[in-house]
Number of protein chains: 2
Amino acid sequence: MPAARGGRPPTIRSVAEHAGVSKSLVSLVLRGSPRVSEARRRAVLDAVRELGYRPNATARHLTERRSHTVGVLLNDLRNPWFVECLEGLNSVFHAHDLRMFLGDGRLDRRTDEALTQGFLELPVDGMVLVGTMPESAVIAEAAATLPTVVASSRDFDLPGVPVFANDDRHGAALAVRHLADLGHRHIAHLAGSFGAVARLRRESYEQTMRAHGLGEHIRVERCDLTEEGGYRAAVRLLTGPRRPTALFAVNDMACVGALSAAEELGIAVPGELSLVGYDNTYLARIRHLSLTTVDNASHEVGRNAAKALLDRIAGRADGAGEHLLPPELRIRSSTAPPTRLTTS
Amino acid sequence: MPAARGGRPPTIRSVAEHAGVSKSLVSLVLRGSPRVSEARRRAVLDAVRELGYRPNATARHLTERRSHTVGVLLNDLRNPWFVECLEGLNSVFHAHDLRMFLGDGRLDRRTDEALTQGFLELPVDGMVLVGTMPESAVIAEAAATLPTVVASSRDFDLPGVPVFANDDRHGAALAVRHLADLGHRHIAHLAGSFGAVARLRRESYEQTMRAHGLGEHIRVERCDLTEEGGYRAAVRLLTGPRRPTALFAVNDMACVGALSAAEELGIAVPGELSLVGYDNTYLARIRHLSLTTVDNASHEVGRNAAKALLDRIAGRADGAGEHLLPPELRIRSSTAPPTRLTTS
DNA sequence: TTGAAAGCGCTAACAC
DNA sequence: GTGTTAGCGCTTTCAA
């Protein structure tokens, strides 16, 4: 590896000299052009091998005026939900030779903006906004400058920026209907404390409750979208008067928190309390938790968002607006009909 | 935002013309040089604002001959353990204006190599190898070319490449000793099926068992490091003859799988079976799971690895070899003394 | 203090 | 087919 020992690494120029050809010929060979004689091709390839030459992507990006990189902004890598969505994005981008620059804004606007600024300066070829995050002028500006798509967030209404997500209203309705059909009447909701997704799920919860004639039993407790948040909100709900027999949580993390709360309070799940989450993360699938939940199709949302971004990068800017995938209820072991005792 | 409407985005040249100065002066102002007159500085800054100029990082990287980017190679973003470590890395890199390029090799050597190749070609300023992954000639070559550090893997023995990890032998010993001290004798081990970390934990399990006079009760069942793998291995162990009263799992994911298996088989935890995991991920901290586990200090491992990489990037290549942090036992609700009935 | 000029390593017309 | 010539947008000598 000559590149490793001192001196500068070999460039396309060194290769050209070594092979006795011109820079451009080397470039042609390396990019697989068919208009090159076999002899020259061999000479170039040999030189490449002998020198241990490696193309410099930064230089290529500069002349090509694209970085083959997309910026992905999200809000909390700790939420297992993101991983699914990232896989979806990655499967498409990878097939098109695009790298992902991951930026986790930690729900902090300043961090988001710094990351976005970085995307703009690189500049990346496109940007994906994943999940709920605070709005920001910098993001809006970036979205106006860069091909951009939104995945699994309903917070943005940026001109010309398509939104890919699951239908949160429909998903929440599925959850509530499932509980109502089981015979529950006192169905409470652990609601997210911010973001359009949380709002949609809450509104749909309320609407569905009313549609089932349960309007008087509507009960919303806010929490943040973590296990701890779910736990605390559930404790408030379960220790107060008129204890609900069922809980629909804004996401799986909060739902697990609720499960813990129930256990700690000696309330049997699903015997005395039914629980429904949202997202169908691997958390819900863990047998020992086995949560009934709503599958939000995050992998496919990711795939669709990525495809749309490719289109936009290629100049095809069609299909703005919302593209909602139908969510599906996954019934597991955390829901059951209410027992006589606990029904009112 | 003039940058947004058609045409090319403004460059340092446009700014120079607009401000009536030279390119180099603009560069000086932008980089905060003190040797610039106030008048010119204002003129440049005004031009920047008026044109909506944004520096192009790619171009800068080309001339500076560094990309302000480090490549991070890991093996499965689904494992919550990584997130902790990434946070540790990020906290340090962020403070030094380095971005992270995340590559998830999914435990696939070809993917690893493709990602590494990408790092080499960018080229990144340095590389971090995180967690167990298959060895590879490409990675070894990259490590010889690029400043490199290893975090939480014991698989690599690359010349001059420092390794940061927790002391897996010690951690496993803590786990086994805890179980032995509780009075368990039939302590089995769910072992990882590959990688040096899994091997160290297994070896230490065996050694500690012998040290406690329990050599004859050593029992190892291999599994992969997922919930599913842990579940299956535990089923084999718990349905066979001479059922163990305690299980030490190679990591938390596998341990959760074992918990599920026990539940399904009607074996009470910790009444009839004690369980210890490894990593102290948030999984273990979920109240409803509440696993006794070994904290591997992953956040600090990440921090230390990042600091060492900074040193190497800066040319200070001291401190190769292994740097092991002491792990700590976290006792939760999945361990208890064995009951008379189940002890043999 | 400021400007001119020479690259960084590569691609892309355009000619031969 | 192949080589020559300009750049890509920026930093950095080196003079002035």
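Residues numbered from 1 in each chain as written. Chains lettered and ligands numbered in written order. Predicted model: local features only at pLDDT ≥ 70, side-chain atom pairs only at ≥ 80, totals over all residues. Heavy atoms only, no water.

With respect to the protein's contact with DNA strand C
So, step 1. Around DNA strand C there are 26 residues in total, and Ile12(A), Lys23(A), Tyr53(A), Ser37(B) and Thr63(B) lie nearest to it.
So, step 2. In DNA strand C, atoms within 4 Å of the protein come 66% from sugar and phosphate.
So, step 3. Ser24(A) is positioned such that a nitrogen or oxygen atom in its side chain is 3.5 Å from a base nitrogen of DNA strand C.
So, step 4. Of all the elements in the fold, those that place two or more residues in the surface near DNA strand C are helix H2 (23–30) and helix H4 (57–64) of chain A together with helix H2 (23–30) and helix H4 (57–64) of chain B.
So, step 5. The element that contributes the greatest number of residues to the surface near DNA strand C is H2(B), accounting for four residues.
So, step 6. Grouping the constituent residues of the surface near DNA strand C by class yields nine nonpolar, nine polar and eight charged. (Near = heavy atom within 4 Å. Polar contact = N/O pair within 3.5 Å; in protein donor to acceptor, adjacent residues only side chain to side chain. Helix = DSSP H or I, 4+ residues; strand = E, 2+ residues; numbered from the N terminus. Nonpolar A, V, L, I, M, F, W, Y, C, P; charged D, E, K, R; others polar.)

Examining the packing of helix H8 (residues 168–182) of chain A against helix H9 (residues 196–211) of chain A
Residues and elements named next belong to chain A.
So, step 1. Direction vectors running N to C along H8 and H9 enclose 45°, while the axes themselves pass 8 Å from each other. Judged on the interaxial angle alone, H9 and H8 are oblique. The chirality of how H8 crosses H9 is right-handed. Seen from H8, the contacting residues are Asp-168, Arg-169, Ala-172, Ala-173, Val-176 and Arg-177; seen from H9, they are Val-197, Leu-200, Arg-201, Glu-203, Ser-204, Tyr-205, Gln-207, Thr-208 and Met-209.
So, step 2. When grouped by side-chain class, the residues that make up the contact of H8 with H9 number seven nonpolar, three polar and five charged. (Axes fitted to C-alpha atoms, helices over the stretch in contact; angles between N-to-C directions. Parallel < 35°, antiparallel > 145°, perpendicular 65-115°, else oblique. Left-handed = near helix turned anticlockwise from the far one by under 90°. Contact = heavy atoms within 4.5 Å.)

Quick look at the sheet that holds strand E3 (residues 126–130) of chain B
Residues and elements named next belong to chain B.
So, step 1. In spatial order, the strands read E2-E1-E3-E4-E5-E11; together these six strands make up an open sheet with parallel pairing. Edge strands, defined here as strands with exactly one partner in the open sheet, are strand E2 (99–104) and strand E11 (322–325). Each adjacent strand pair in this sheet contributes to an overall mean axis angle of 20°, direction not counted.
So, step 2. In terms of strand pairing, strand E1 (residues 69–74) meets E3 through four bridges, oriented parallel. From the neighbouring strand, Val-72 faces E3, where its bridge partner is Val-128. (Pairing = 2+ DSSP bridges.)

Comments concerning the environment of Ser22(A)
So, step 1. As for its position among the elements, Ser22(A) is in the loop between helix H1 (12–19) and H2.
So, step 2. Between the C-alpha atom of Ser22(A) and that of Ile12(A), which follows or precedes it by ten residues, the distance is 9.2 Å.

Brief notes about the domain arrangement of chain A
All names here are of chain A.
So, step 1. Examined at the domain level, chain A breaks down into domain 1 (5–55), domain 2 (69–167 + 297–327) and domain 3 (168–295).
So, step 2. Once you take the C-alpha centre of each, domain 2 and domain 3 turn out to be 28 Å apart.
So, step 3. Residue-level contacts link 15 residues of domain 2 with 20 residues of domain 3.
So, step 4. Taking both sides of the interface into account, the surface hidden between domain 2 and domain 3 amounts to around 1300 Å²; carbon and sulfur atoms contribute 58%.
So, step 5. For the domain 2 face of the interface with domain 3, the top three residues by lost area are Pro-80, Arg-154 and Pro-327, together amounting to 36%.
So, step 6. For the interface between domain 2 and domain 3, the tally reads one salt bridge.
So, step 7. Notably, a salt bridge pairs Asp-168 with Arg-154, separated by 2.9 Å at the nearest N-O pair.
So, step 8. Our enumeration of links across domain 2 and domain 3 arrives at eight residue pairs in polar contact (both at pLDDT 80 or more).
So, step 9. Split by residue class, the side of domain 2 that touches domain 3 holds five nonpolar, five polar and five charged. (Domains from an automatic or database assignment. Buried area = accessible area lost by both parts, 1.4 Å probe. Salt bridge = Lys/Arg side-chain N within 4 Å of Asp/Glu carboxyl O.)

Observations regarding the sheet that holds strand E6 (residues 187–192) of chain B
Residues and elements named next belong to chain B.
So, step 1. A sheet is described by the order of its strands in space; here four strands give the open sequence E7-E6-E8-E9, paired in parallel fashion. Edge positions in the sheet fall to strand E7 (219–223) and strand E9 (274–276), since each of these pairs with one other strand and no more. Neighbour-to-neighbour, the strand axes of this sheet turn through a mean angle of 20°, independent of strand direction.
So, step 2. The sheet contacts of helix H8 (residues 168–182) involve E6, strand E8 (246–249) and E9, and relative to E8 the element is tilted by about 170°.

Re the nonpolar core
So, step 1. Formed by 58 residues in total, the largest nonpolar core has its most connected members in Leu283(A) and Leu283(B).
So, step 2. The residues contacting Leu283(A), other than those within four sequence positions of it, are Met253(A), Val256(A), Leu289(A), Tyr282(B), Leu283(B) and Ile286(B).
So, step 3. Counting 55 residues, the second largest nonpolar core, distinct from the first, contains Val72(A), Leu74(A), Val70(B) and Met100(B). (Core = buried A, V, L, I, M, F, W, Y, C linked by side-chain atoms within 4.5 Å. Buried < 20%, exposed > 50% of the residue type's maximum accessible area, 1.4 Å probe, protein only.)

Considerations on the relation of the copies chain A and chain B
Both copies of the chain are related by a screw-like operation: a rotation about an axis and a shift along it.
So, step 1. Once chain A is rotated about the relating axis by 180° and shifted along it by 0.1 Å, it coincides with chain B to within an RMSD of 0.2 Å. Viewed as a symmetry operation, the transformation between the two copies matches a two-fold axis.
So, step 2. Both copies share a contact surface, since 100% of the interface residues of chain A are interface residues in chain B too. (Least-squares fit on C-alpha atoms with pLDDT ≥ 70 in both.)

A short note on the pattern of salt bridges
So, step 1. Here the structure, examined in full by the defined rule, presents 47 salt bridges over all chains.
So, step 2. The partner of Arg54(B) in a salt bridge is Glu141(A), and the shortest N-O contact between them spans 3.3 Å. A residue pair is termed interchain when its members come from two chains, as with Arg54(B) in the loop between helix H3 (38–51) and H4 and Glu141(A) in helix H7 (residues 137–145).
So, step 3. What makes Glu141(A) partly exposed here is its relative accessible area of 25%.
So, step 4. A salt bridge links Arg287(B) to Glu227(A); the nearest nitrogen and oxygen atoms lie 3.9 Å apart. Here Glu227(A) lies in helix H10 (residues 227–239) and Arg287(B) lies in the loop between helix H12 (282–285) and strand E10 (293–295), a pairing that spans two chains.
So, step 5. On the accessibility criterion, Arg287(B) (25% relative accessible area) is partly exposed.
So, step 6. Linked by salt bridges that have partners in common, Asp76(A), Arg78(A), Arg106(A), Glu84(B) and Glu87(B) make up one network.

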